[in-house]
Every structure is written in C-alpha cells, then in structure tokens.
Amino acid sequence: MTQAPGKRTARPGAVLGLTAALSLSVAACGGNLSGGAAGGEFPSGPITIAVGQDPGGSTDLIARALAEGLTDDLGVAAPVVNTPGANGALAANEVAGQEPDGQNLLLVNASLTAITPLAVSEDEAVAIDDFEVVAGISRDDYVLVSSPASGLETLADLEDAGDDLKFGTTGVGTGSQLAQELLFNQAGISGTAVPFNSGAPTLTAVLGDQVDVAAIQLGEAIGQIEAGELNALLTFSAERNEFLEDVPTAVEEGYEVEVAQYRALAAPSGTPDDVLERLREACEAAFATEQYRAFNEDNLLTAHEIPGDQVVEEWTSSLESYRSMTEEYGIDLGGSQ
C-alpha cells in the first residue's frame, strides 16, 4: 500500500459511490431475511450498528463499509443507525442498555472513552470496559491545518505569531482538542479553543479564516490540502503519515504529542462468548475483502485490526497517559481556556 510521495489522493467520488452502494446492498438484504435461525441461533435477524456521529463523516463511512462485509458473511442485513450527540455518548449509552445478544452493536471512537472522560463528570463518562469489544478496526490521524491567507505555514510560524491564536476543534473532549491543547502548552503558544460539533464545520471555519488553525482528521482534510486550499503544518502521529510524507510530526518538532483517532466494534456487556467469536470471524472476513481494503486506502485509514482485549488495554492506557499529561500541563478540557 506504500505510495510515492505526492501520488496518493483521496477519491471523494469513490467514497460517495461506495456509500450509495452500501445503502442499496443493506436495503436489498433486508428483503431476504427469514427471521433468523431456529433454536435461538445467532444471528436471529438484522444486526444494527449504532454510530454516535452524523451521517457522512469518517465514523459513519467506516461503519457502513464494515456493515457490507458483515452482511455478506453473516447473511443478514446490518443497518447503520446514526444517533449523534455528546461526542458519541448518546449512542453508546443506548447500545449499552440493549439486550446482550449481539444484535445491537456500536462503532465506537477511542476518543469517547480515552479523552472525553477528561472533559465531563464521572457519571457522564463512558468506559470501554462497560462493553464487550469485538475487534479494533482502524486509525485516522489528525493533521494541523491553516488557510494560506493566514500566513501560517509551519509550527515556527505559530510560535512566532505572538498574538492569542484561535484554534478550532471538532468538539469538547475530542482528540482534536487534546492534540492542540498539549501542543500549545508544551510550545508556549497562547491559544483559545473554539469548539465545533464535527470535522466539517471546523474545516469550514479554517477555510473562512474564522480560526487560525485546527486539528482535523486527515481523511476529511486531504482534498483541500492537495488542492492548495489548506496548509498542513504537522501531524500528531508517532511517525510520518504515509499519505503526507513531507509533513513533520509534532514529535519530530520536539513535543510529546501523539493523538490519533482509533475505532472499534463493541457489543453490550454480557454478550455470550460464542456470539462474540462469530462476530469476530465476520469482522475478519470483512477486513480481508478487496473492497474493504480499497475503502481504507481511499479514505486514508490505517488498518488497526486487533483483538478486543488489546483494544481495551490500549484505550485504557491512553486514558491514563492523557490524564497524567493534562494534569502535568494544567489543561482542563471541559473548562475555560
């Protein structure tokens, strides 16, 4: 999947076409259901995948691509239901309260359980160990962007700007906010967070110079970056992203900031082991298809297809690490800047 620098481009048309195809496929499968196998066998009917974000965003598209593979392997429809709100907590809490029979699943973002708990009260926080994690799915890197009109082309430009900068985030308690808060605090840059409710309005704010910079998921910003409508200052991954090989990381610039968006498929706590194993087999089958691999490449997603227990370990470790770092730098993700 390695590409020569400058040769990779996202194909928005391909993504939209895939989304339409998935919707048609799921609808078609719905007409062929027999009501499930006798004797309580799994699956007994359509498997709903809940998404806590709006339709058309990265999380939604990933859910629909995975649903296509699950439908093919399990032989039942896998409709995606969007319940946006509270960084995904509304959908998560709804799924957590469902019958633990594997028929209702959640496409969950790592930020919901590894970052949002740092910005909300304890009773509002969602914990990853409140679910049975079926499998890890993929990683989406954040890129710090500015408009050409801003004159901000490098991190050094931000450090020299002097004035209080406005940085857009995709929401309170998100990886977009955390990455920039950590960077600005470590670099001694004065900045004020301006939260939006997703990547699209954040991107619009940068393009319209309503904010100076913003951290946005790469798949959502690559088109404007390649068109010259956005400057890519740096990424927040551990190593240079293969799709932006000329753009340095915050780590390369000397700052301890590694923040990415990971996603996983989860089921309500108490889901039987045999059901979880069947779902894992279906996920593995979906991941292996040429169509799904092409989807990842088209959307600049890095596969992170790992067992559920490894997901829990990684996300729990991230929460502990981020909590330690926010305390060290006096960062309050839920408070005033």
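Right above here is the structure, for reference.
The structure contained in this document is the topic of the report that follows. All of these numbers come straight from a predicted model, not from anything done at the bench. (Residues numbered from 1 in each chain as written. Predicted model: local features only at pLDDT ≥ 70, side-chain atom pairs only at ≥ 80, totals over all residues. Heavy atoms only, no water.)

This paragraph deals with the pairing of strand 6 (residues 191-195). In terms of strand pairing, strand 5 (residues 165-169) meets strand 6 through five bridges, oriented parallel. Bridging across to strand 6, Lys166 finds its partner in Thr192. Note that the unit made of strand 5, helix 6 (residues 175-187) and strand 6 has a crossover that is right-handed. (Pairing = 2+ DSSP bridges. Helix = DSSP H or I, 4+ residues; strand = E, 2+ residues; numbered from the N terminus. Right-handed = clockwise from strand over helix to strand, strands pointing away.)

The next subject is the packing of aromatic side chains. Applying the stated criterion to the full structure yields three aromatic pairs. Measuring from centroid to centroid gives 5.5 Å for Phe287 and Tyr292, while their planes differ by 45°, and the two rings are tilted. Looking at Phe287, the relative accessible area reads 9%, which means it is buried. Geometrically, the ring pair formed by Tyr292 and Phe295 is tilted, given 6.0 Å between the ring centres and 35° between the ring planes. Remark: Phe295 and Tyr292 occur in helix 10 (residues 290-298); sequence separation between them is three residues, near one turn of the helix. With a relative accessible area of 3%, Phe295 lands in the buried category. Every member of this aromatic cluster is reached through a ring pair, and the members are Phe287, Tyr292 and Phe295. (Phe/Tyr/Trp six-rings, centres within 6.5 Å; stacked < 30°, edge-to-face > 60°. Buried < 20%, exposed > 50% of the residue type's maximum accessible area, 1.4 Å probe, protein only.)

For the rest of this paragraph, the subject is the nonpolar core. Residues Leu158, Leu183, Phe236, Val257 and Val259 are the most contacted members of the largest nonpolar core, which totals 33 residues. Among the secondary structure elements, those contributing two or more residues to this core are strand 4 (131-146), helix 5 (155-161), strand 5, helix 6, strand 7 (213-217), strand 8 (231-235) and helix 11 (308-328). No other element matches helix 6, which puts six residues into this core. Apart from the residues lying within four places of it in its own chain, the contact partners of Val259 are Ile115, Tyr142, Gly175, Leu178, Ala179, Leu182, Phe236 and Tyr322. The next biggest cluster of nonpolar side chains, apart from the first, holds 32 residues, and it includes Phe42, Ala67, Leu74 and Tyr292. (Core = buried A, V, L, I, M, F, W, Y, C linked by side-chain atoms within 4.5 Å. Contact = heavy atoms within 4.5 Å.)

The next point concerns the environment of Arg323. By secondary structure assignment, the location of Arg323 is in helix 11. Spatially, the C-alpha atom of Arg323 lies 8.2 Å from that of Ile115, the residues being 208 residues apart in sequence.

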